[in-house]
Amino acid sequence: MSIMNTMNDIDKLLQEAETGKLSKITDRITEEAMPFWEGCEQRVIAGRQLKPYVVSRLLKENFGIKISESAVRNHFLNIADNAK
């Protein structure tokens, strides 16, 4: 394992230690879809209600990313809980 891979792993471990278990959903979001996804997360953190089935549909239709409605809902609930 190279030093860079080890550093990336350590960064992930430190981030998980700080914020809790990381969502696997984030790994599936492409660079193109990241601004939309981060905007959704920021709205959830700000207390705004998003419809997970709409977010799931928009990801699939606009970015070709298939993430279930329940996975989106659980992710949003987790980040909302962590923001409190």
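As a reminder, the structure under discussion sits directly above these lines.
Now for a description of the structure that goes with this document. On a predicted model such as this, the values are computed, not experimentally measured, just so you know. (Residues numbered from 1 in each chain as written. Predicted model: local features only at pLDDT ≥ 70, side-chain atom pairs only at ≥ 80, totals over all residues. Heavy atoms only, no water.)

### Quick look at the nonpolar core
Point 1. In terms of nonpolar packing, the biggest core is built from 13 residues, with Ile29, Trp37, Val55, Leu59, Ile67 and Phe76 touching the most fellow members.
Point 2. Those residues in contact with Leu59, other than ones at most four positions away along the chain, are Ile29, Ala33, Phe36, Trp37, Gly64, Ile65 and Ile67. (Core = buried A, V, L, I, M, F, W, Y, C linked by side-chain atoms within 4.5 Å. Buried < 20%, exposed > 50% of the residue type's maximum accessible area, 1.4 Å probe, protein only. Contact = heavy atoms within 4.5 Å.)

### Digging into the environment of Glu38
Point 1. The residue Glu38 is located in helix H3 (residues 34-45) in this model.
Point 2. Judged by its relative accessible area of 42%, Glu38 falls in the partly exposed class. (Helix = DSSP H or I, 4+ residues; strand = E, 2+ residues; numbered from the N terminus.)

### Topic: helix H5 (residues 69-83)
Point 1. For H5, spanning 15 residues, the distance from its first C-alpha to its last is 21 Å, which sits close to the expected 21 Å at 1.5 Å a residue.
Point 2. Each element contacted by the buried residues of H5 is listed here: helix H2 (25-28), H3 and helix H4 (52-63). (Expected span 1.5 Å × (residues − 1).)

### A look at the pattern of salt bridges
Point 1. By the definition in use, this model includes two salt bridges.
Point 2. Its salt-bridge partner being Glu61, residue Arg57 comes within 3.1 Å of it at the nearest N-O pair. Residue Arg57 and its partner Glu61 are located together in helix H4, separated by four residues, close to a single helical turn.
Point 3. Across the pair Glu69 and Arg73 runs a salt bridge, and its minimum N-O distance is 2.7 Å. Remark: Arg73 and Glu69 occur in helix H5; sequence separation between them is four residues, near one turn of the helix.
Point 4. Residue Glu69 is classed as partly exposed on the basis of its relative accessible area, which comes to 33%.
Point 5. Given the relative accessible area of 34%, Arg73 is considered partly exposed. (Salt bridge = Lys/Arg side-chain N within 4 Å of Asp/Glu carboxyl O.)

### Quick word on the packing of H3 against H4
Point 1. The geometry of H3 relative to H4 is characterised by a closest axis approach of 11 Å and an angle of 170° between their N-to-C directions. What the angle tells us is that H3 and H4 run roughly antiparallel. In this structure, H3 contributes Phe36, Trp37 and Cys40 to the contact, and H4 contributes Val55, Leu58, Leu59 and Phe63.
Point 2. When its residues are assigned to classes, the contact of H3 with H4 shows seven nonpolar, no polar and no charged. (Axes fitted to C-alpha atoms, helices over the stretch in contact; angles between N-to-C directions. Parallel < 35°, antiparallel > 145°, perpendicular 65-115°, else oblique. Nonpolar A, V, L, I, M, F, W, Y, C, P; charged D, E, K, R; others polar.)

### Some remarks on the layout of surface pockets
Point 1. When its volume is computed, the second largest pocket comes out at roughly 190 Å³.
Point 2. Val44, Gly47, Arg48, Gln49, Leu50, Pro52, Arg73, Phe76, Leu77 and Ala80 together form the lining of the second largest pocket.
Point 3. In terms of residue count, H5 provides more of the lining of the second largest pocket than any other element does, four residues in total. (1 Å grid on protein atoms, 1.4 Å probe; cavity = no way out; pocket = protein on both sides within 12 Å on 5 of 7 lines; lining within 4 Å. Points joined across faces, edges and corners; volume = space filled by probe spheres on them.)

### Some points on the packing of H4 against H5
Point 1. Packing of H4 against H5 leaves a shortest axis separation of 8 Å and a crossing angle of 120°. Classed by the angle they form, the pair H4 and H5 counts as oblique. By crossing handedness, the relation of H4 to H5 is classed as right-handed. Across the interface between the two elements, Pro52, Tyr53, Val55 and Ser56 of H4 pack against Glu69, Val72, Arg73 and Phe76 of H5.
Point 2. Across the contact of H4 with H5, the residue classes tally to five nonpolar, one polar and two charged. (Left-handed = near helix turned anticlockwise from the far one by under 90°.)

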